[in-house]
Amino acid sequence: MNIWPIAQSSFKESMRQKILYVIVIFSFITILSALLYKTLAINQEVKLMKDVGLAAMVVLGVLVAIFTGTNSISREIDSKTIHTLLAKPVKRSEFVLGKFLGAGLTTLFNLAIMTIGFLIIVAIVEKGAPFYLLKAIVLTAVELLILVSASIFFSTIFPQAISTIFALLLFLVGHVTNLLPYLISKAETIGTKIIASIFYYLLPNLQYFNLRAEVVNNLSIPVSLILLTIIYGILYAAIGVVLSIFVIRGKDFA
Amino acid sequence: MNKIFFKWGIIPLCFIVLVLLLKPISLSIDDIRRIQGLERAVVATPNFGFDTILADILWVKAIQYLGGIPKITEVEGAVIYKMFDRITDLDPQFTEAYKLGGLTLSVEESEKAISLLEKGIINNKNIEWTVPYYASISAFFHLKDYKEAMRFLEIAVKAPDHPPHIDRLLATANNLAGYKELSLDMWQDIYKNAAQNYEKDLAYKNLVKLSEEIIQSHPDKDLKEKAKAMLKDVEIKR
Amino acid sequence: MAVIIKTEALSKVYNTRNKNTQALDNLTLEVESGCIFGYLGPNGAGKTTTINILLDFIKPTYGRAWIMGKEIGDVKAKEKIGFMPENPYFYTHLTSWEFLDFFGRIFHLDKTTRRNRTEKLLEMVGLKKEQKTLLKNFSRGMLQRIGIAQALINEPDLVFLDEPIASLDPIGRREIRTLIKKIKAQGKTVFFCSHILSDVEQICDEVAILKEGRLIEKGPLNKLLNVKEIEVIAQGLNSETLEAINKLSKKTTSVDGNWQIIIEKEKDLPSTLDIIQKGGGRYLSVVPHKETLEELFFSDIEKNV
Ligand SMILES: Nc1ncnc2c1ncn2[C@@H]1O[C@H](COP(=O)(O)OP(=O)(O)OP(=O)(O)O)[C@@H](O)[C@H]1O
Ligand SMILES: [Mg+2]
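Residues numbered from 1 in each chain as written. Chains lettered and ligands numbered in written order. Predicted model: local features only at pLDDT ≥ 70, side-chain atom pairs only at ≥ 80, totals over all residues. Heavy atoms only, no water.

**Brief notes about the overall build of chain A**
This is how it is decided: Note on conventions: DSSP H or I runs of at least 4 residues are helices, E runs of at least 2 residues are strands, and numbering of each starts at the N terminus. Atoms counted for the radius of gyration: C-alpha only. Globule rule: 2.2 Å times the number of residues to the power 0.38. Summary of the burial criterion: residues with accessible area below 20% of their type's maximum are buried, those above 50% are exposed, and those between are partly exposed, where the area comes from a 1.4 Å probe applied to protein chains only.
Along its length, chain A carries 11 helices and 0 strands. Relative to a compact globule of 254 residues, whose C-alpha radius of gyration would be 18 Å, chain A shows 20 Å and is just as compact. Taking the principal axes of the C-alpha coordinates as reference, chain A spans close to 60 × 50 × 35 Å. The buried share among the 254 residues of chain A stands at 57%.

In structure tokens:
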């Protein structure tokens, strides 16, 4: 199997693209927010800091996921480096899997670094190890993998700029899919109804991956829920990868 | 044939299997969420997953708003209620928001205060005792609705860390609501279990007062006897 | 000798927005193993398209092809293939060492083999000193060199080189020519696309000429090139003999007391020599001059316009 060398090379590429700067920005945001909110929030500054930190991780994580996802295969195709690779005994499915793994690793690595920084800051403020926050972050990680996979899929069909827009839209719409049944029932034209229904059945419910309020407020969350949600996310990511393989297999790389 | 299937058939097959797996999983996720009370209301404010952040921003805005109004009239009351309602829609576990909203509205808009605090109780199975307690205050002192106050106080006393004065308030509420016998039992319990002397004294005074009231004017003979016996019992122990 | 590449009625039509381009038209071709096969054609003739199909980057519109007996699309055949693309765009984030090592891993070579081959290849293409330089800092010529190196990392039996020496300096060109000959000496086959005719002429055993997607000429180089003229150097010719010779020859000039006689038709040679001998002269040398590849190329292209 040639997946791993390809993944490693992609990972190395992202690292050399200095994606780590993103992490520095993140740390700034969290620390600054902690200082800022102290004056604003009447003894809620710790909650606010955690909320801001977790949300900032999502925002930056999503940006990294979409960027690396849409970049990984389109860059390979646009710069024709794919020719050199496919001339070797590399199956197209291996190529897609390697690229997904590489982009996924980049995204998760980025998230991991942010997590460490964030947990240290919270630990200092709370004077205790805030490992319970990991429950929220693990789900964010799975959500990011869905976005990586979707970005890769879009980029097998569309140019990078358009794929980026689609992936961002997926993220946004995925978080309001629970509004869709309402929209379907209220829709006036049959067209809207159909489109909303298609979206409802096709798109992942990304709100599943948002247990941040519950985690920050220290609610008990059953492990089974977290595990099922992770499986749900991995299934969606797998669907994206499978579709990407399908497209890449039928594609001409002239 | 075999080869062609392997090349082109396997991918659609994987796709179908994955899609078929999705539905039962999402249904079980929904189930667990419902059972655990983790289901969110369909929120009117679009937030794309950034619900807590939005709640925090509205919280900060609410605090600034509260700092800027001299007095709460009906208009402000409605605004404040709306603000905290939105905040807690976005972050249903934001206990401080229920508390602050409830406290702010407790005097002038007691009903709104109660409805906000009750929302907190519904959204959080193990909410801290202060939330039902605040609701009971509004009901007790401002609405003089003792039955309503009892309802909240009963929730508050279930919290293991609730302070003893809640028990006394509940006993009083029972008395005022007309549940004399229940109130008597409660005062007796409080008297027995009091940890501090002043608490014992307080309980004693209330017990004596209630017993005498029952003996003098209560129509129920059995209850009168019970009160007499209790009074005696308490006095002997002292 | 075995046939290593075989195509059958290979055709490719590119459909683009405003027109359809027939890039390959019914190409039937066989390449025997162990030779340097020069694949010639003007820009846009379909050379790169042929390679793209053979390596399964694109699907032919029609036709089939085999490499080493395996129908194209079979990944296993690629174990023994090397390829150097026309435009040397590679992973710019890797150093030349990492780049070769990466492909070594793709071929599942173990660590020591990878190190040995990487070292040897870098030496061979003259990039030893640049082994720690990122490819993004390479010049175009250097990229072509590293491109050749990566094509050889798996010690392939068949190497596709798509215009491998276009951007090299004269010394580099000679080096690579020598290198290609060396590869052939190891019993390997080289499929060499080029429009630099002098290079092809110097190293190729067989050539095929392509024009607008159609094969217009194919065969061993020395058979393809026609004898253009024959030069005879003779001595002691009297004016009578000269007159007789002039009837047959294209040109007769006196050079340092000898006569240079140029004959265009091969069949005229025996009678010319006869005349010389009968007239009491003697000939010092007979040298046939073949066409250059360039002349063949242009005459073929013109014939097909
Ligand atoms: N991706 C593509 N889409 C549309 N047409 C293409 C594409 N690639 C090549 N062509 C067309 O196919 C024909 C053959 O192109 P090809 O690249 O095979 O030529 P070539 O012989 O390699 O030329 P060169 O010597 O310039 O490299 C050209 O007319 C070209 O315009
Ligand atoms: Mg070309």
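**Description of the domain arrangement of chain B**
Residues and elements named next belong to chain B. Threshold: Segment limits for the domains were obtained from an automatic or database-derived domain assignment. Contacts are residue-level and defined by heavy atoms, with any inter-residue pair within 4.5 Å sufficient. The quantity reported as buried area is the accessible area (1.4 Å probe) lost by two parts once they are put together, taken as the sum for both. Only one rule defines a salt bridge in this text: a Lys or Arg side-chain nitrogen within 4 Å of an Asp or Glu carboxyl oxygen. Side-chain atoms alone can form a polar contact between residues adjacent in sequence; in general such a contact is a pair of N or O atoms within 3.5 Å, and within protein one must be able to donate a hydrogen while the other accepts it.
For chain B, the domain assignment lists domain 1 (30-158) and domain 2 (163-238). Taking only C-alpha atoms, the centre of domain 1 and the centre of domain 2 are 34 Å apart. The partner domain 2 presents 12 residues to the 13 residues of domain 1 that form the contact. Buried surface at the junction of domain 1 and domain 2, both sides included, amounts to about 1,100 Å², of which 87% is carbon and sulfur. Connecting domain 1 to domain 2 are 0 salt bridges. Remark: the boundary between domain 1 and domain 2 carries 1 residue pair in polar contact (both at pLDDT 80 or more).

**Considerations on the nonpolar core**
Which entries qualify depends on this criterion: Throughout, nonpolar core names a set of buried Ala, Val, Leu, Ile, Met, Phe, Trp, Tyr and Cys residues whose side chains join them through atoms within 4.5 Å.
Membership of the largest hydrophobic core comes to 156 residues, with the highest contact counts inside it found for Ile146, Phe160 and Phe192 of chain C. Once residues lying within four places of it in the same chain are set aside, the contact partners of Phe160 of chain C are Ile5, Ile51, Leu54, Leu55, Ile67, Ile81, Gly82, Phe83, Met84 and Phe191 of chain C. One finds Leu58, Trp129, Leu170 and Val208 of chain B within the second-largest nonpolar core, a separate group that totals 59 residues.

**What to know about the coordination of the magnesium ion (ligand 2)**
All names here are of chain C. Note the following rule: Note that water is not among the atoms used; donors are N, O and S atoms within 2.8 Å of the metal (3.2 Å for Na, K and Ca), so sites may look incomplete.
The magnesium ion (ligand 2) binds to the protein through Thr48 (OG1), Glu86 (OE) and Glu86 (OE); the donor distances cover 1.8 to 2.8 Å. With Thr48 in helix 1 (residues 47-54) and Glu86 in the loop between strand 6 (81-84) and helix 2 (96-106), this pair connects stretches of sequence that are 38 residues apart. For Thr48, a relative accessible area of 22% gives the class partly exposed.

**Focus on the pairing of strand 8 (residues 189-194) of chain C**
Residue and element names in this part refer to chain C. To be explicit about the condition: For two strands to pair, DSSP has to find at least two bridges joining them.
Of all the 6 residues making up strand 8, 6 are buried; the element is thus mostly covered by neighbouring parts of the structure. Burial along strand 8 is two-sided: the face carrying Thr189, Phe191 and Cys193 and the face carrying Val190, Phe192 and Ser194 are both buried. In the sheet, strand 7 (residues 158-162) pairs with strand 8 via 5 bridges, with the strands oriented parallel. The residue of strand 8 that forms the bridge with Phe160 is Phe191.

**Topic: the interface of chain A and chain C**
As a reminder of what qualifies: Here the nonpolar group is Ala, Val, Leu, Ile, Met, Phe, Trp, Tyr, Cys and Pro; Asp, Glu, Lys and Arg are the charged ones; every other residue, Gly included, is treated as polar.
Listed per partner, the contact involves 30 residues of chain A and 29 residues of chain C. Both faces combined, the contact of chain A with chain C buries some 2,600 Å², and carbon together with sulfur accounts for 58% of it. Scanning the region where chain A abuts chain C turns up 3 salt bridges. Two residues, Asp252 of chain A and Lys12 of chain C, come together in a salt bridge whose shortest N-O distance is 2.8 Å. Between the two partners, chain A and chain C, sit 14 residue pairs in polar contact (both at pLDDT 80 or more). Considering every element that reaches the side of chain A that touches chain C, the biggest residue donor is helix 1 (residues 3-16) of chain A, with 8 residues. When grouped by side-chain class, the residues that make up the side of chain A that touches chain C number 11 nonpolar, 7 polar and 12 charged.

**A look at the sheet that holds strand 11 (residues 227-235) of chain C**
All names here are of chain C. Selection rule: For helices, the fitted axis covers only the stretch in contact; all axes are lines through C-alpha atoms, and the angles between them, taken along N-to-C directions, range from 0 to 180 degrees.
In spatial order, the strands read 12-13-11-14; together these 4 strands make up an open sheet with antiparallel pairing. Looking at which strands have only one partner, the edges of the open sheet turn out to be strand 12 (251-255) and strand 14 (282-290). Here the strands of the sheet are splayed against their neighbours by 20° on average, with no regard to which way each runs. Examined bridge by bridge, strand 12 and strand 13 (residues 258-263) share 5 bridges and lie antiparallel to one another. In the strand pairing of strand 13, Thr253 is matched with Gln260.

**Things to note about helix 4 (residues 140-151) of chain C**
What counts here: How far a helix is expected to stretch is found by multiplying one less than its residue total by 1.5 Å.
For helix 4 of chain C, which comprises 12 residues, the first-to-last C-alpha distance of 17 Å matches the rise-based estimate of 16 Å (1.5 Å per residue) to within 8%. Those residues of helix 4 of chain C that are buried are in contact with helix 4 (81-86) of chain A together with strand 6, helix 2, helix 3 (111-124), strand 7 and helix 5 (170-185) of chain C.

**Details of a nonpolar patch on the surface**
Residues and elements named next belong to chain A. Worth spelling out the cut-off: Patch definition: residues above 30% relative accessible area lacking any salt bridge, with like charges linked at up to 9 Å and the nonpolar side chains Val, Leu, Ile, Met, Phe, Trp and Tyr linked at up to 5 Å. Here, Shrake-Rupley sampling with a 1.4 Å probe gives the accessible areas, and only protein chains in the shown set may cover a residue.
A contiguous nonpolar surface patch, about 550 Å² in accessible area, is contributed by Ile157, Phe158, Ile162, Ile165, Phe166, Leu169 and Leu172. Ranked by the residues each element gives to the nonpolar patch, the list is headed by helix 7 (residues 160-174), at 5 residues. Assignment of secondary structure puts Leu172 in helix 7. Residue Leu172 is classed as partly exposed on the basis of its relative accessible area, which comes to 31%.

**Quick look at the site of ligand 1**
In plain terms, the rule: If even one non-hydrogen atom of a residue comes within 4 Å of a molecule or strand, that residue is called near it.
Close contacts around ligand 1 come from 16 residues, with Gly44, Lys47, Thr48, Thr49 and Glu86 of chain C the closest. Bordering ligand 1 are residues originating from chains A and C. Between ligand 1 and the protein, one listed contact pairs an oxygen atom with a side-chain N or O atom of Asn43 of chain C at 2.9 Å. When ligand 1 sits alone it has 630 Å² of accessible area, and the protein chains cover 70% of it. Going through the elements one at a time, strand 2 (20-32) and helix 1 of chain C are the ones with two or more residues in the shell around ligand 1. Residue classes in the shell around ligand 1 are distributed as 5 nonpolar, 8 polar and 3 charged.

**Focus on the packing of helix 8 (residues 239-248) of chain C against helix 9 (residues 269-278) of chain C**
Residues and elements named next belong to chain C. The criterion, for reference: Orientation is classified from the angle alone, with under 35 degrees giving roughly parallel, over 145 giving roughly antiparallel, 65 to 115 giving roughly perpendicular, and any other angle giving oblique.
Across the interface, helix 8 lies against helix 9 with an axial gap of 9 Å and an inter-helix angle of 175°. Between helix 8 and helix 9, the angle is such that the two are roughly antiparallel. Between helix 8 and helix 9, the residues in contact are Thr241, Ala244, Ile245 and Leu248 and Ser271, Thr272, Ile275 and Ile276, respectively.

**A short note on the interface of chain A and chain B**
Taken together, the contact between chain A and chain B spans 47 residues of the former and 41 residues of the latter. Both faces combined, the contact of chain A with chain B buries some 4,000 Å², and carbon together with sulfur accounts for 72% of it. Of all residues in chain A, Tyr208, Leu235 and Arg249 of chain A bury the most surface against chain B, accounting for 15% of the area lost on that side. The interface formed by chain A and chain B contains 2 salt bridges. Salt-bridge contacts for Asp56 of chain B lead to Lys47 of chain A; the nearest nitrogen and oxygen are separated by 3.1 Å. For the interface between chain A and chain B, the tally reads 9 residue pairs in polar contact (both at pLDDT 80 or more). Where the side of chain A that touches chain B is concerned, the elements lending two or more residues are helix 2 (21-40), helix 3 (45-78), helix 7, helix 10 (212-216) and helix 11 (223-249) of chain A. At 15 residues, helix 11 of chain A tops the list of elements feeding residues into the side of chain A that touches chain B.

**Remarks on the packing of aromatic side chains**
Applicable threshold: Aromatic rings from Phe, Tyr and Trp, with only the six-membered ring used for Trp, were paired whenever their centres fell within 6.5 Å, and each pair was classed as stacked if the ring planes differed by under 30 degrees, edge-to-face if by over 60, and tilted otherwise.
Applying the stated criterion across every chain, the model contains 25 aromatic pairs over all chains. Judged by centre distance (6.1 Å) and plane angle (55°), the rings of Phe171 of chain A and Phe50 of chain B are tilted. In this pair, Phe171 of chain A is assigned in helix 7 and Phe50 of chain B in the loop between helix 1 (2-35) and helix 2 (51-68), connecting two distinct chains. A single burial state applies to Phe171 of chain A and to Phe50 of chain B, both of which are buried. Relative to Tyr146 of chain B, the ring of Phe140 of chain B lies with its centre 5.1 Å away and its plane at 80°, an arrangement referred to as edge-to-face. For Phe140 of chain B, a relative accessible area of 7% gives the class buried.

**Some points on the confidence of the model for chain B**
Put simply, the test is: Note: pLDDT gives the predictor's confidence per residue, expressed from 0 to 100.
In the predicted model, chain B carries a mean pLDDT of 84, and 93% of its residues have values of at least 70. Across the assembled chains, the prediction reports ipTM 0.87 with pTM 0.85.

**Re helix 8 (residues 164-176) of chain B**
Residue and element names in this part refer to chain B. Across its 13 residues, helix 8 extends 19 Å between first and last C-alpha, which sits within 8% of the 18 Å expected from 1.5 Å per residue. Among all positions in helix 8, only Ile166, Arg168, Leu169, Leu170, Ala171, Ala173, Asn174 and Asn175 are buried. In this structure, the buried residues of helix 8 make contact with helix 6 (130-142), helix 7 (146-158), helix 9 (180-193) and helix 10 (197-217). One or two residues past the end of helix 8 sits Gly178, with phi positive at roughly 100°.

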